[in-house]
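Read off the chains here:
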Amino acid sequence: VGQGLLSLPPALLARIAAAVGTPTYVYDAEHIRRQFRRLQAALGTLPHRIHYSVKANGNLAVLSLVHHLGAGADIVSGGELARALRAGFSPGEIVFSGVGKSERELVAALEAGVGLINMESAGELALLHRLARGRAAPVAVGIRVNPDVAAETPHPYTQTGRSGMKFGVPMDQVVTLARAVAAERDVVLRSVGMHIGSQIAEPGPYAAGAARLADLVAELRAAGIATLTSVDVGGGLAVPYGSEPGLEPGAFVAAVAPLAHQTGLPLLMEPGRFLVGNAGCLLTRVLYRKRSGGRAFVITDAGMNDLLRPSLYQAYHEITVVDPTAGQAAEAADPEGNPAASATSASPATLVDVVGPNCESGDFLGLDRHLAGAVPGALLAVLSAGAYGFGMSSQYNSRPRAAEVLVDGERFAPVRRREGVEDLMRGETTTLEWENG
Ligand SMILES: Cc1ncc(COP(=O)(O)O)c(C=O)c1O
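I'm lost on the layout of surface pockets in this one. Help?
Think of a ball as big as a water molecule: rolled over the atoms, this probe shows where empty space is left. Taken as a whole, the largest pocket holds about 630 Å³ of empty space. K55, R144, T160, F167 and H195 are the residues nearest the centre of the largest pocket, which is lined by 38 residues in total. Mapped onto the lining of the largest pocket, the elements with two or more residues apiece are β6 (139-146), β8 (187-193), α10 (273-276) and α11 (309-313). Partitioning the lining of the largest pocket into residue classes produces 12 nonpolar, 15 polar and 11 charged.

So, in structure tokens, the structure goes:
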């Protein structure tokens, strides 16, 4: 299916849809392994540690797979901490990032004993100081730096490394913050790092950021801070969503290797999308077709609550008809799939908008697509949906969330059951127990 984006046989996808229903996310274990090996091969003998960014796809089966490959985890919430631990990561293999960790989340991280907690503000460090006081061993902290480098990404919302953004500690405040860490005996500065954006297709921004981190490490050492044991170059490696190539791991490594060489420190990295983006697709069935104001619509049983990226980022996802031949004859006879429709009301070659059932005009999976065979009942695969797909899904419009399935070779296993209506209302009540009299 697709142009090398996902290599699962259509017959297998059809079997999964028949067994589990739609909408369903399908992940290919072998693709994840392949991507991990590609990255490892590019890193070669460079001292490094890969911490998979759980936010990209936090399904326990995916986490467990990545853990068995030898990765650590990069988390951004207490929920992701619980997932990572449940999936088998040991606390020491976990890096806790994030701009707004709550006290409860920091306490959970301390109690679990996570390997590194990345600070993003002086206020957060002050809170951690207080929580860490009196512990047997000092807590390992990092500082996420905002290196002020521009990384072109397909949408402004996926850029994070420019000055004026909420992420990271501005360069000119880092030494002061590092001194504040060094002054406390309950915390110790182990890492400085960056994460400059997501879906970065060029090595240039990594090289620029890495150079700034190298200067920073030298500056910290000159200031007498010599406790660092790693430098973190974040994630963000682009994968193809269409015919564009993505970022070659070799180009990425060439851009960040000087940082390791100049500082003598191992690299941490936090890839998410690179490992799982093209490992997944979203299976959805065509419910109806209709025309309005010169546009042709294919209405599917998955929408923006299942896959938000098209609506949120105007992101492009390749969409294919899993078995186009099945629908083409029917489409030629009756493109709208309506019993009363005239066969001349649309041609099979018409460009269509693939839209979901959510009550929002911004609810679409793809616009202006050629989709021969997308008749009612046809099975579609929305490609490159392994990263930021299920994780960003919601129950909006009170739609139970999709099922998830893991494929390994010819086998497939459900790894999250489809939600039902009881899941929609869990924890709610009509019985009012007033708390304040
Ligand atoms: C701190 C941090 N690290 C890593 C990542 C992973 O990014 P990607 O999935 O693009 O590799 C993110 C994503 O936003 C992030 O915020």
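I tried to follow the site of the ligand on my own but got confused; where do I start?
Lining the immediate surroundings of the ligand are 13 residues, of which S198, G236, E270, R273 and Y388 lie closest. Within the side chain of H195, a nitrogen or oxygen atom sits 3.5 Å from an oxygen atom of the ligand. Coverage of the ligand by the protein chains reaches 91% of its 400 Å² of free accessible surface. In this structure, the ligand is accommodated by the largest pocket. Each residue belonging to the shell around the ligand can be placed in one class, and the counts come to 2 nonpolar, 6 polar and 5 charged.

How should I be thinking about the pairing of strand β16 (residues 379-382) in this particular structure?
On a regular strand, each side chain points to the face opposite its neighbour's, so the side chains alternate between the two faces of the sheet. The alternating pattern of β16 places L379 and A381 on one face and L380 and V382 on the opposite face, and all of these are buried. Of the strand pairs in this sheet, strand β11 (residues 280-292) and β16 are connected by 4 bridges, and their pairing is antiparallel. Its bridge partner lying in β16, R285 is registered against L379. By the bridge criterion, 3 bridges tie strand β13 (residues 319-321) to β16 in an arrangement that is antiparallel. From the neighbouring strand, T320 faces β16, where its bridge partner is A381.

So what exactly am I meant to see when it comes to the side chain of S393 here?
By secondary structure assignment, the location of S393 is in the loop between β16 and β17 (403-408). Here the side chain of S393 touches F390 through a polar contact of 2.6 Å, landing on its backbone oxygen. The residues touching S393, leaving out its near neighbours within four places in the chain, are N305, D306 and R401.

Even after reading the chapter, I still don't get the environment of V192, so can you show me in this structure?
Following the sequence through the fold, V192 ends up in strand β8. Along the sequence, V192 and V231 sit 39 residues apart, while their C-alpha atoms lie 5.3 Å from each other. Discounting chain neighbours no more than four positions away, the residues touching V192 are I143, V145, L216, V217, L220, L228, S230, V231 and D232.

Just to check I follow, could you spell out the packing of aromatic side chains for this structure?
Centre distance and the angle of the planes are the two values used to describe a pair of aromatic rings. One pass over the full model with this rule turns up 3 aromatic pairs. With a centroid separation of 6.1 Å and 85 degrees between ring planes, the pair formed by Y25 and F390 is classed as edge-to-face. Of this pair, Y25 sits in strand β1 (residues 24-28) while F390 is found in the loop between β16 and β17, placing the two residues 365 residues apart along the sequence. There is no split in this pair, since Y25 and F390 are both buried.

Got a minute to help me understand the pattern of salt bridges in this structure?
Opposite charge on two side chains lets them pair, provided their charged atoms get close. All told, the structure shown has 17 salt bridges when counted by the stated rule. Linking R416 and E419 is a salt bridge whose minimum nitrogen-to-oxygen distance equals 3.3 Å. Take R416: its relative accessible area is 25%, and that puts it in the partly exposed class. Between R417 and D423 there is a salt bridge, with its nearest N and O atoms 3.0 Å apart. Residue classification places R417 among the exposed positions, given a relative accessible area of 56%. Residues joined in a network through salt bridges with shared partners are E30, R33, R37 and D408.

Explain helix α8 (residues 204-222) here, please?
Each turn of an α-helix holds 3.6 residues, which means side chains three or four residues apart point in the same direction. Compared with the 27 Å implied by 1.5 Å per residue over 19 residues, the 27 Å span of α8 between its first and last C-alpha is a close match. Among the residues making up α8, those that are buried are P205, Y206, G209, A210, L213, A214, L216, V217 and L220. The first or second residue beyond α8 is G224, which carries a positive phi of 90 degrees.

What is the right way to read the side chain of E120 from this model?
Looking at the secondary structure, you find E120 in the loop between β5 (116-119) and α6 (122-132). Within the structure, the side chain of E120 is placed 3.3 Å from the side chain of R144, a separation counted as a polar contact. Among the polar contacts made by the side chain of E120, one reaches the main-chain amide nitrogen of G168 at a distance of 2.7 Å. In this view, E120 contacts G98, V99, R144, K166, F167, G168 and V169; residues no more than four positions away in its chain are not counted.

Calculation rules
Here the residue index of a chain counts from 1 through its sequence in written order. Two thresholds apply to this predicted model, a pLDDT of at least 70 for residue-level local features and 80 or more for giving and counting side-chain atom pairs, whereas whole-chain, interface and lining totals are computed over all residues. The side-chain figures draw on all heavy atoms in the structure; neither hydrogens nor water molecules are used. We place a 1 Å grid over just the protein atoms. Points where a 1.4 Å probe fits but has no way out form a cavity, open points with protein on both sides within 12 Å along at least 5 of 7 lines form a pocket, and any residue with an atom within 4 Å of a point lines it. Grid points are joined across faces, edges and corners, and a volume is the space filled by probe spheres set on the points. Strands here are runs of E lasting at least two residues and helices are runs of H or I lasting at least four, both read from the DSSP assignment and numbered beginning at the N terminus. Three categories are distinguished: nonpolar for Ala, Val, Leu, Ile, Met, Phe, Trp, Tyr, Cys and Pro, charged for Asp, Glu, Lys and Arg, and polar for the others, with Gly belonging to the last. When we say a residue is near a molecule or strand, we mean one of its heavy atoms is within 4 Å of it. For the purposes of these results, a polar contact is taken to be a pair of N or O atoms within 3.5 Å, where, inside protein, one atom must be able to donate a hydrogen and its partner to accept one; residues adjacent in sequence count only when each atom of the pair is a side-chain atom. Values of accessible area rely on a 1.4 Å probe in the Shrake-Rupley scheme; residue burial ignores everything except the protein chains shown. For a cavity or pocket, the test is whether more than half of a molecule's atoms lie within 2 Å of its grid points; if they do, the molecule sits there. Whether a residue is buried, partly exposed or exposed follows from its accessible area with a 1.4 Å probe, protein chains only, as a fraction of its type maximum: under 20%, in between, or over 50%, in that order. Two strands form a pair only when DSSP identifies at least two bridges running between them. When checking whether two residues touch, look at their non-hydrogen atoms; a contact exists if any pair is within 4.5 Å. Between 30 and 60 degrees the pair is tilted, below 30 it is stacked and above 60 it is edge-to-face, where a pair is any two Phe, Tyr or Trp rings, Trp via its six-membered ring, whose centres lie within 6.5 Å. Throughout this description, the term salt bridge denotes a Lys or Arg side-chain nitrogen within 4 Å of a carboxyl oxygen of Asp or Glu. Expected helix span is taken as 1.5 Å per residue step, with the number of steps being one fewer than the number of residues.

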